[in-house]
Amino acid sequence: MNERPSNETREPNREAPSGIFAAAEMTPGEAVDPLIWTRIDTYLARNRAGAEGLIPLLHLAQATLGYLPAAVLEQIAARLGLPLVQVHGVVSFYHFFSTTPPAKYQLKVCMGTACFVRRARALSEAIRQVLGVDVGGVTKDQLFGLEEVRCLGSCGLAPVMTLNGDTHGNLKPGDARKLAFGLQAKARRERIIESVEERDG
Ligand code: FES
């Protein structure tokens, strides 16, 4: 799984987790919505802890937070009595889990076999060039994120990528470039509207 880019700055989490997490040490610099601790407590109160709880808890955390922060992975490992390396192994195996906070516009380019042989790498390269975001990274303004992932399950449309979960298939590098330029223009328009709204109160 990709690491968060080093140029991101985040407020440290100042909320103490509830329940058993109260005594747990948080990872410095990790801002986590405390709702996740309640949800994990609730899940574990209703289900047996152990390896079988790992994937459900990862889904729960990702659905709550949009990604899987290091602090949450550590706590899930501790609560289930599993080695952290096992938890990381599962997270990196499944493409739908992410340890990076999602960008406003998150692009995932499929690198499964069917897509790869149809030049999927040229799609991510086109996006990288237009949006200035590296694979596995998010732009500083958190607007654009780019990932390369395993099979997205739409091999008949290869090469495929998704934009915020919507599938785009049969793409050529020019299509990817067009989509990226379109996103840039959209983000620019949104910024203008926001600044006008701020100015007018
Ligand atoms: S290999 Fe890309 S969708 Fe299956």
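The numbering scheme is per chain: residues are counted from 1 as the chain's sequence reads. Under the rules for a predicted model, residues below a pLDDT of 70 receive no local features and side-chain atom pairs below 80 are neither given nor counted, while totals for whole chains, interfaces and linings still include all residues. Side-chain calculation: all heavy atoms of the structure are included, whereas hydrogens and water are not.

## Some words on the nonpolar core
If you look at soluble globular proteins, the nonpolar side chains tend to sit buried side by side.
Point 1. In this text, buried Ala, Val, Leu, Ile, Met, Phe, Trp, Tyr and Cys residues form a nonpolar core when linked through side-chain atoms within 4.5 Å. Exposed residues in this analysis have more than 50% of their type's maximum accessible area, buried residues have under 20%, and partly exposed residues fall in between, with area computed by a 1.4 Å probe over protein chains only. Judged by nonpolar contacts, the single largest core of 26 residues is most densely connected at Leu-107, Val-109, Ile-127, Leu-131, Phe-144, Met-161 and Leu-183.
Point 2. Those elements that place two or more of their residues in this core are strand S1 (105-110), helix H6 (120-131), strand S2 (144-149), strand S3 (161-163) and helix H7 (173-199).
Point 3. Runs of H or I in DSSP of at least four residues are treated as helices and runs of E of at least two as strands, each being numbered from the N terminus. Per element, the largest residue contribution to this core is six residues, and it comes from H6.
Point 4. We call two residues contacting when some pair of their heavy atoms lies within 4.5 Å. Apart from residues lying up to four places away in sequence, Ile-127 is in contact with Leu-107, Val-109, Gly-132, Leu-146, Met-161 and Ala-176.
Point 5. Of all hydrophobic cores here, the second largest spans 23 residues; its members include Leu-65, Ile-76, Val-87 and Phe-97.

## Section: helix H3 (residues 70-80)
Point 1. Those residues of H3 that sit buried are Ala-71, Val-72, Leu-73, Gln-75, Ile-76, Ala-77 and Leu-80.
Point 2. Tucked inside the fold, the buried residues of H3 contact helix H1 (35-46), helix H2 (54-65) and helix H4 (84-93).
Point 3. Just downstream of H3 lies Gly-81, where phi reads positive at about 70°.

## Looking at the sheet that holds S1
Point 1. DSSP-based pairing: two strands are paired if at least 2 bridges between them are found. Read from one edge to the other, the open sheet built from four strands follows the order S2-S1-S3-S4, with strand pairing classed as mixed. The open sheet terminates on both sides in strands that have one partner only, identified here as S2 and strand S4 (166-168). Here the average twist between neighbouring strands, direction ignored, is 25°.
Point 2. In terms of strand pairing, S1 meets S2 through six bridges, oriented parallel. Note on S2: the bridge partner recorded for Gln-106 is Gly-145.
Point 3. Together, S1, S2 and S3 form the strand contacts of H6, whose direction differs from that of S1 by roughly 155°.
Point 4. Axes here mean lines fitted to C-alpha atoms, for a helix over just the part in contact, with angles spanning 0 to 180 degrees between N-to-C directions. Of the strands in this sheet, S1, S2, S3 and S4 touch H7, which is tilted by about 170° from S1.

## Description of the packing of H2 against H4
Point 1. Interaxial distance between H2 and H4 falls to 11 Å at its minimum, and their mutual angle equals 65°. Of the two possible hands of crossing, H2 and H4 adopt the one that is right-handed. Contacts between H2 and H4 pair Leu-54, Ile-55 and Leu-58 from the former with Val-87, Val-90 and Val-91 from the latter.
Point 2. Each residue gets one of three labels, nonpolar for Ala, Val, Leu, Ile, Met, Phe, Trp, Tyr, Cys and Pro, charged for Asp, Glu, Lys and Arg, and polar for the others, Gly among them. Within the contact of H2 with H4, the residues separate by chemical class into six nonpolar, no polar and no charged. Each crossing is labelled by how the near helix is turned from the far one, with a counterclockwise turn of less than a right angle marking it left-handed and a clockwise turn marking it right-handed.

## Description of the pattern of salt bridges
Point 1. The working definition used for a salt bridge is a side-chain nitrogen of Lys or Arg within 4 Å of a carboxyl oxygen of Asp or Glu. Inspection of every chain in the model, using the stated rule, returns seven salt bridges.
Point 2. Taking the shortest distance from any N to any O, the salt bridge between Arg-128 and Asp-134 comes out at 3.9 Å.
Point 3. Judged by its relative accessible area of 30%, Arg-128 falls in the partly exposed class.
Point 4. Note that Asp-200 and Arg-199 form a salt bridge whose closest N and O atoms lie 3.0 Å from each other.

## With respect to the packing of aromatic side chains
Point 1. Each pair of aromatic rings taken from Phe, Tyr and Trp, with Trp reduced to its six-membered ring, is defined by centres within 6.5 Å and is described as stacked if the planes are under 30 degrees apart, edge-to-face if over 60, and tilted in the remaining cases. Taken as a whole, this structure holds three aromatic pairs when the rule is applied.
Point 2. With a centroid separation of 5.0 Å and an interplanar angle of 85°, the aromatic rings of Phe-93 and Tyr-94 are classed as edge-to-face.
Point 3. By relative accessible area, which is 28% here, Tyr-94 ends up partly exposed.
Point 4. Centroid distance Tyr-105 to Phe-144: 6.0 Å. Interplanar angle 25°. Geometry classified as stacked. In this pair, Tyr-105 is assigned in strand S1 and Phe-144 in strand S2, connecting sequence segments 39 residues apart.

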